[in-house]
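Fold and geometry: a report
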2 protein chains.
Amino acid sequence: MSAKAAVKVSELDGEAPESTDFANYFCTYGYIYHQKDMLEDHKRTGAYYQAVLSNKRQFQGKVVLDVGTGSGILAIFAAKAGARKVYAVEATNMAKNARALVESNNLSHVVEVIQGTIESISLPEKVDIIISEWMGYFLLRESMLDSVLVARDRFLAPGGALYPSHAAIYLAPIRSNLVNQRTSEFQNSMEGWAEFLQEMRHYYQVNLDCLSDPYRSEQKDYYLHTSQWTDTHPQQLLGPATPFIKYDLHTLTLEELKAPLKAEFLLHMTDGGPVDALCGFFDVWFRGSQQAPTDNEVRLTTGPDPTGATHWGQQTFPLHPAIDCAPGDQLRVVLEVSRRADNQRLLHVKAAVSVEGSSIYAEQSKTPRNFHWNIE
Amino acid sequence: MSAKAAVKVSELDGEAPESTDFANYFCTYGYIYHQKDMLEDHKRTGAYYQAVLSNKRQFQGKVVLDVGTGSGILAIFAAKAGARKVYAVEATNMAKNARALVESNNLSHVVEVIQGTIESISLPEKVDIIISEWMGYFLLRESMLDSVLVARDRFLAPGGALYPSHAAIYLAPIRSNLVNQRTSEFQNSMEGWAEFLQEMRHYYQVNLDCLSDPYRSEQKDYYLHTSQWTDTHPQQLLGPATPFIKYDLHTLTLEELKAPLKAEFLLHMTDGGPVDALCGFFDVWFRGSQQAPTDNEVRLTTGPDPTGATHWGQQTFPLHPAIDCAPGDQLRVVLEVSRRADNQRLLHVKAAVSVEGSSIYAEQSKTPRNFHWNIE
């Protein structure tokens, strides 16, 4: 035996125990190279820097909690903006590096690094601001927002503010090379399988035909039912991106967040099809709370950008086969995004898509077509 | 946040709970594409085929246990060789495919697929033969031999045979491009870090100097203290491979296997140095037991081969800096291979190496040099 492939997903049913979750999830954030990847995404780090340093008035003399501080950078920003006290909570051993970074930047009198999960730690006081960089692919992957909401409910003083305060997820119809590429990789894989069956019969007199269907299904899941990290160029867009869900993080409940996200919306086609993929991404806004709004609103967007993607890129969902439509048509999308039973930090997306409008394609699209993808 | 990197290792101390182990280890074997990778390694599958089918006399009318049957292939070989009954045990959902394969090859009357771990299942009778393909990189990675020994102690009848029955691990001094390559990758990484520090100071007025040492150490571990999968050509050998440990699987105890492996041995230099890497690999032999020896001994070797490596390849351990020595010299190696505290299925290797002989290098090598590597 030899397990070359990295293991991503447990086969366990239901919610993983804490130890498994720690092994599979938190561990990545224990490496400095990974922190560096995030820090040097200047659209990301710069947005947080602006959100904090251009709103010093909101931070002056305040108590701040940084959920999942990692290297400690957001806690340091908050301290530099004049916070009286910053609690910087980090589950992994990166906490040690955060503590060293705080010390070497002479902010130990303000920033206190606490190693632990937000669910297990306690704080001696309520906080005025919770800052956190919790966003995963397609906003929701990693389910780390759960911990921010737990922190809000446990530690945020009435009227306190979340940074960021709002979020939205978008989908856009695009033209992508990805689908052709993945389709031909899938076909190559199945040709390789046919040769493999012959070899096994020839060398060992064993007939593996009965595995062809499960293999095809496994490979199809991998090549065509898994979304991909992409750096999408705006010219690939065949119509504007539509925000299909908007969250106010001050009022969103943990129960709402954990339930499957259901949405029905239209994607307007500026150009004609074939639409061979949907492109998903998110924005977050720093607006403070109603009682403590920011002076300067900051927005972090992760959409298609000619200057290149953030480290989140976009998630591209292949449509196989592609959807034909004309300029002026609309795609009606009935979407469901749910957490995976085998790993609550990963997602499964289902979409039923039909064409509406005056084109011949809309007439032919009587029954919605069903798609599904895993976000790995 | 965005956890791009696949997570392999838990940060948990000590032995991982069963659920974590399942998530991190067994899961890979639940994919048919991974089974295919192993099956189409014909040096591997062919060796087992020969070991069973060229020793039909040993299998005729016998009861066989296949530990970790995967696709079921070894159980099918045993049935084809005339076994009366084969228990094929598999922990993952691959068990379903194994069952289908057994049925479609009309061997359901002989092979019974049991889904479960060898530690948790029970069998209605003792078995005459245990067959298993349990070998990981450098033989011991994955620690799956543990389960085979548990199976032996629980289920093997007195005098019964293990297939394979013997194993050995080798090291050889080689010349490798890998070390130069990894060294320059490490240097590039540190240059990137220096630029990163400047950016962080410039954009955000934060000084990350204090993370330079831990980053250097993290990157050095990754680039220079981690062994690599390689397909080593025999012409890279600077001297013969030395087997530094030989196991008789019929007598090896679980306690011996779990304890750190300590060995001291000489590597003879046919050619001169610099030796910039050690190449590690293993052989296994199918000899049956003393009471039930095979008619035809089969040997599976995973050493450097001009026709290409098995799927195990070899593990290359970089020596940085390289060791100078002359033809005729010997490298004295004091070796320790132990299981990792953070993941019992992964390994840590320590070596103290000195040069002996009549060359000037031997004279200069008064103190052994110390190396260490993780096998990921």
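The rules behind these values
Residues numbered from 1 in each chain as written. Chains lettered and ligands numbered in written order. Predicted model: local features only at pLDDT ≥ 70, side-chain atom pairs only at ≥ 80, totals over all residues. Heavy atoms only, no water. Phe/Tyr/Trp six-rings, centres within 6.5 Å; stacked < 30°, edge-to-face > 60°. Helix = DSSP H or I, 4+ residues; strand = E, 2+ residues; numbered from the N terminus. Buried < 20%, exposed > 50% of the residue type's maximum accessible area, 1.4 Å probe, protein only. Pairing = 2+ DSSP bridges. Axes fitted to C-alpha atoms, helices over the stretch in contact; angles between N-to-C directions. Contact = heavy atoms within 4.5 Å. Domains from an automatic or database assignment. Buried area = accessible area lost by both parts, 1.4 Å probe. Salt bridge = Lys/Arg side-chain N within 4 Å of Asp/Glu carboxyl O. Polar contact = N/O pair within 3.5 Å; in protein donor to acceptor, adjacent residues only side chain to side chain. Expected span 1.5 Å × (residues − 1).

Attention now goes to the packing of aromatic side chains. All names here are of chain A. For the structure on display, the rule yields 36 aromatic pairs over all chains. Taken together, a centroid distance of 5.1 Å and an interplanar angle of 45° make the contact between tryptophan 193 and phenylalanine 196 tilted. Note that tryptophan 193 and phenylalanine 196 are positioned in helix α8 (residues 178–204) at a spacing of three residues, about one turn of the helix. Given the relative accessible area of 1%, phenylalanine 196 is considered buried. An aromatic cluster is built from Phe138, Phe244, Phe265, Phe317, Phe371 and Trp373, whose rings are joined through pairwise contacts.

For the rest of this paragraph, the subject is the sheet that holds strand β1 (residues 63–67) of chain B. Residue and element names in this part refer to chain B. Ordered in space as β3-β2-β1-β4-β5, the five strands form an open sheet in which the pairing is parallel. With one partner strand each, in any of the chains shown, β3 (111–115) and β5 (156–163) form the two edges of the open sheet. If you compare each strand with its neighbour and ignore which way they point, the axes differ by 20° on average. Summarising the sheet, β1 and strand β4 (residues 127–132) pair through four bridges and their orientation is parallel. Note on β4: the bridge partner recorded for leucine 65 is isoleucine 130. Taken strand by strand, helix α5 (residues 73–80) contacts β1, β2 (85–90), β3 and β4, and its axis lies near 175° from that of β2. Its contacts with the sheet place helix α7 (residues 145–155) against β1, β4 and β5, and it is angled at close to 155° to β5.

Residue and element names in this part refer to chain B. By the secondary structure assignment, glutamine 35 is in helix α2 (residues 32–39). Overall, glutamine 35 belongs to the buried group, its relative accessible area being 5%. In this structure glutamine 35 touches Tyr29, Gly70, Ser71 and Met94, once residues within four positions along its chain are discounted.

Turning our attention to the domain arrangement of chain A. Residue and element names in this part refer to chain A. Domain boundaries assigned for chain A yield domain 1 (7–133) and domain 2 (168–175 + 228–375). Each of domain 1 and domain 2 was reduced to a C-alpha centroid, and the two centroids are 28 Å apart. Each side of the interface is counted separately: domain 1 has 24 residues, and domain 2 has 22 residues. Approximately 1800 Å² of surface area, both sides summed, lies buried where domain 1 meets domain 2, with 53% of it carried by carbon and sulfur atoms. Linking domain 1 with domain 2 are two salt bridges. The residue aspartate 305 makes a salt bridge to lysine 43 at a minimum N-O spacing of 3.1 Å. Run the count over domain 1 and domain 2 and you get ten residue pairs in polar contact (both at pLDDT 80 or more). Of all elements in the fold, only α2 (32–39), α3 (42–53) and α4 (56–59) reach the threshold of two or more residues within the side of domain 1 that touches domain 2.

Residues and elements named next belong to chain A. With 27 residues, α8 should cover 39 Å at 1.5 Å per step; its first-to-last C-alpha distance of 38 Å lies within 8% of that length. Burial in α8 covers these residues: Leu178, Val179, Arg182, Thr183, Phe186, Ser189, Met190, Trp193, Phe196, Leu197, Met200 and Tyr204. The first or second residue beyond α8 is glutamine 205, which carries a positive phi of 55°.

All names here are of chain A. Tallying each qualifying case throughout the model produces 36 salt bridges over all chains. With its nearest N and O atoms 3.4 Å apart, the salt bridge here joins glutamate 40 to lysine 36. Relative accessible area serves as the criterion here: at 29%, glutamate 40 is assigned to the partly exposed category. Close ionic contact of arginine 287 with glutamate 297 constitutes a salt bridge, the shortest N to O distance being 3.3 Å. One end of the pair, arginine 287, is in strand β10 (residues 275–288); the other, glutamate 297, is in strand β11 (residues 293–301), and ten residues separate them in sequence. Sharing partners across several salt bridges, the network here consists of Glu264, Arg332 and Glu356.

The next point concerns the sheet that holds strand β2 (residues 85–90) of chain A. All names here are of chain A. Spatial ordering of the open sheet is given by β3-β2-β1-β4-β5, a layout of five strands whose pairing is parallel. In this open sheet, the two strands that pair with only one neighbour each are β3 (111–115) and β5 (156–163). Adjacent strand axes in the sheet meet at a mean angle of 20°, parallel and antiparallel pairs treated alike. Relative to β5, strand β4 (residues 127–132) runs parallel, the two sharing four bridges.

All names here are of chain A. Where burial is concerned, the two faces of strand β9 (residues 261–268) differ: the one with Leu261, Ala263, Phe265 and Leu267 is buried and the one with Lys262, Glu264, Leu266 and His268 is not. Two elements, β9 and strand β13 (residues 330–340), share eight bridges in a ladder whose sense is antiparallel. Opposite glutamate 264, over in β13, you have valine 334 as the bridge partner.

Omega for the peptide link from tyrosine 163 of chain A to proline 164 of chain A comes to 0°, which places this bond in the cis form. Look at the link from glycine 273 of chain B to proline 274 of chain B: it is a cis peptide, with omega at 0°. One can find proline 274 of chain B in the loop between β9 (261–268) and β10 (275–288). The phi torsion at phenylalanine 138 of chain A lies on the positive side, around 55°, for a residue other than glycine. Along the chain, the position of phenylalanine 138 of chain A falls in the loop between β4 and α7 (145–155). One non-glycine residue, serine 143 of chain A, lies in positive phi territory at about 55°. For serine 143 of chain A, the location among the structural elements is in the loop between β4 and α7. For serine 143 of chain A, a relative accessible area of 7% translates into the label buried.

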